[in-house]
There are 2 protein chains.
Amino acid sequence: MGLRELKRERTRRLISDKAFELFTDHGFGRTTVEQIAAAAEVGPSTLYRYYPTKETLVLEFVEDSMFGALNWFREQPAELDLPDGLQSVIELVLDQLERNPDRVRAVYELAGQTPSVGARLAEVTWRWRNELTVELTQRLAGDSVEFTAALAAGTVMNIIEIVVQTWVDNPDGTQVKDLAHEAMGLLRGGGIPLPTA
Amino acid sequence: MGLRELKRERTRRLISDKAFELFTDHGFGRTTVEQIAAAAEVGPSTLYRYYPTKETLVLEFVEDSMFGALNWFREQPAELDLPDGLQSVIELVLDQLERNPDRVRAVYELAGQTPSVGARLAEVTWRWRNELTVELTQRLAGDSVEFTAALAAGTVMNIIEIVVQTWVDNPDGTQVKDLAHEAMGLLRGGGIPLPTA
DNA sequence: AAGAAATTGGTAGTAACTACCATATGGCTG
DNA sequence: CAGCCATATGGTAGTTACTACCAATTTCTT
């Protein structure tokens, strides 16, 4: 890796870290982009080149965690057993998020307090689910492939969201992996009240 | 209803309609709030009192449709059969949306083209699912109530989103109610590849 | 009819974001 | 090593969404 890319990574991380510091200390709305740029010792112009909106500053880590797992899934061979693959996707996402619990909690905190951040977070998971649907559609065969893929992708997303939500709400609660297994068990067990067909 | 409320409804609708006209003609990003206000013959200041953000102008109808159904559900007696109730919620939302198909299609068009609109739309459905989860939690008893409620609410939301998505993508396709039944049938039939527990 | 309450429109200001340009820095070739 | 090219940076000027506030008007109440 050349010096150029190295520097890019460095400043990117620097900006992101300083932004989080300011956001958690003074709140998202009370922190201006200029303040972040000043704290990171770059011009506002440079900051905007790395992060096109203020919200992306908050969501980068979560987005990377989710789409990293999705990209792994995309690279799997076509013969991959889908139930196994989907389970792996869930575990991969959760593993990635668990690498930085404080950051995840801060993200959800900010998303709860600031509507624009909440909206962007919702949009990220929505887009993630859509792209998983596309990938699943290509791996499925038979009738109603579109619907089947979309329902499967939606279910996977539900599990992840529920587990993460529960996890960030109770610090030091059950392990995330156990939570995920509980959710999957409930779904398979059929104890969920579904609308009558 | 007094004259005051009547006028309020009128201007609200007028603003919303003019906004949609401009959005569909020239695009969301190329329409300014001032232009909308001028078209509706109100001051920008007044417009902001009705619609706090430009995006709410787009999403009002969808939001009302979804939360109308949710409020109906909240008013049902505690003994309500949940599967039946959830099916009714789905049908109610779809009924409401079907009252203005052009508007729904325009909303999804704008949401696809404009990130901030897409984000707000995702946030609306996300919040809707959360509130349905709360309501379901109160109506459930037993172990893992939180998880059960969240999974049920998530599934209901998935069905609605999939049906609406399919509906807006193919004009003059299958009836929405048939699409909903197809989705529910698939779910009950167990043909969906779920992650291994 | 008169006062209270709510609606309106206007003004001034903040801050996110865009387009553009000059400068500086890292990477490669003779 | 010198010079050239591509890229990264920082600054300037401008647009626009949105907020806070105030004066004037309209509707409701008694």
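Here the structure is shown first, and the text comes after it.
The structure displayed is predicted, hence computed values, not measured ones.

Engineer: Looking at this structure, how should I read the overall build of chain A?
Structural biologist: Of regular secondary structure, chain A possesses 9 helices and 0 strands. Going from the N terminus to the C terminus, chain A shows its helices and strands as α-α-α-α-α-α-α-α-α. Structurally, chain A occupies a C-alpha span of about 55 × 40 × 25 Å along its principal axes. Counting only residues that meet the buried cut, chain A has 38% of its 197 residues in that class. Sequence separation of 24 or more characterises 60% of the internal contacts of chain A that already satisfy a separation of 6 or more.

Engineer: Explain the relation of the copies chain B and chain A to me, please; I cannot follow it from the model alone.
Structural biologist: What relates the two chain copies is a rotation about an axis together with a slide along it. Superposition of chain B onto chain A requires a rotation of 180 degrees combined with a translation of 0.0 Å along the rotation axis, giving an RMSD of 0.0 Å. Seen this way, the second copy is the image of the first under a two-fold rotation axis. Comparing contact sets, 100% of the residues at the interface of chain B also lie at the interface in chain A, consistent with an isologous, same-surface contact.

Engineer: Whenever I open this one, the interface of chain B and chain A confuses me. Can you help?
Structural biologist: Frequently, the measure chosen for interface size is the accessible area that the parts lose on association. Each partner contributes residues to the interface: chain B has 38 residues there, and chain A has 38 residues. At the level of elements, α5 (82-98), α7 (115-139), α8 (145-169) and α9 (176-189) of chain B are the ones that each hand at least two residues to the side of chain B that touches chain A. Considered class by class, the residues forming the side of chain B that touches chain A number 22 nonpolar, 11 polar and 5 charged.

Engineer: Help me understand the nonpolar core in this model?
Structural biologist: Counting 110 residues, the largest nonpolar core has Val156, Val163 and Ala183 of chain A together with Val156, Val163 and Ala183 of chain B as the members making the most contacts within it. What valine 156 of chain B contacts, discounting residues up to four positions off in sequence, is Pro195 of chain A together with Leu86, Val89, Ile90 and Leu132 of chain B.

Engineer: So what exactly am I meant to see when it comes to unusual backbone geometry here?
Structural biologist: Backbone geometry follows two general trends: most residues other than glycine have a negative phi, and most peptide bonds adopt the trans configuration. All names here are of chain A. With a phi angle near 60 degrees, glutamate 41 is a residue other than glycine that sits in the positive phi range. Note on placement: glutamate 41 falls in the loop between α2 (33-40) and α3 (44-50). Phi is positive for aspartate 172, which is not a glycine, with a value near 60 degrees. With respect to the secondary-structure elements, aspartate 172 resides in the loop between α8 (145-169) and α9 (176-189). Taking the C-beta count within 10 Å as the criterion, aspartate 172 has 4 such neighbours and is therefore assigned exposed.

Rules of the game
- Residues numbered from 1 in each chain as written.
- Chains lettered and ligands numbered in written order.
- Predicted model: local features only at pLDDT ≥ 70, side-chain atom pairs only at ≥ 80, totals over all residues.
- Helix = DSSP H or I, 4+ residues; strand = E, 2+ residues; numbered from the N terminus.
- Buried ≥ 20, exposed ≤ 12 C-beta atoms within 10 Å, placed from the backbone.
- Contact = placed C-beta atoms within 7 Å.
- Least-squares fit on C-alpha atoms with pLDDT ≥ 70 in both.
- Nonpolar A, V, L, I, M, F, W, Y, C, P; charged D, E, K, R; others polar.
- Core = buried A, V, L, I, M, F, W, Y, C linked by C-beta atoms within 7 Å.

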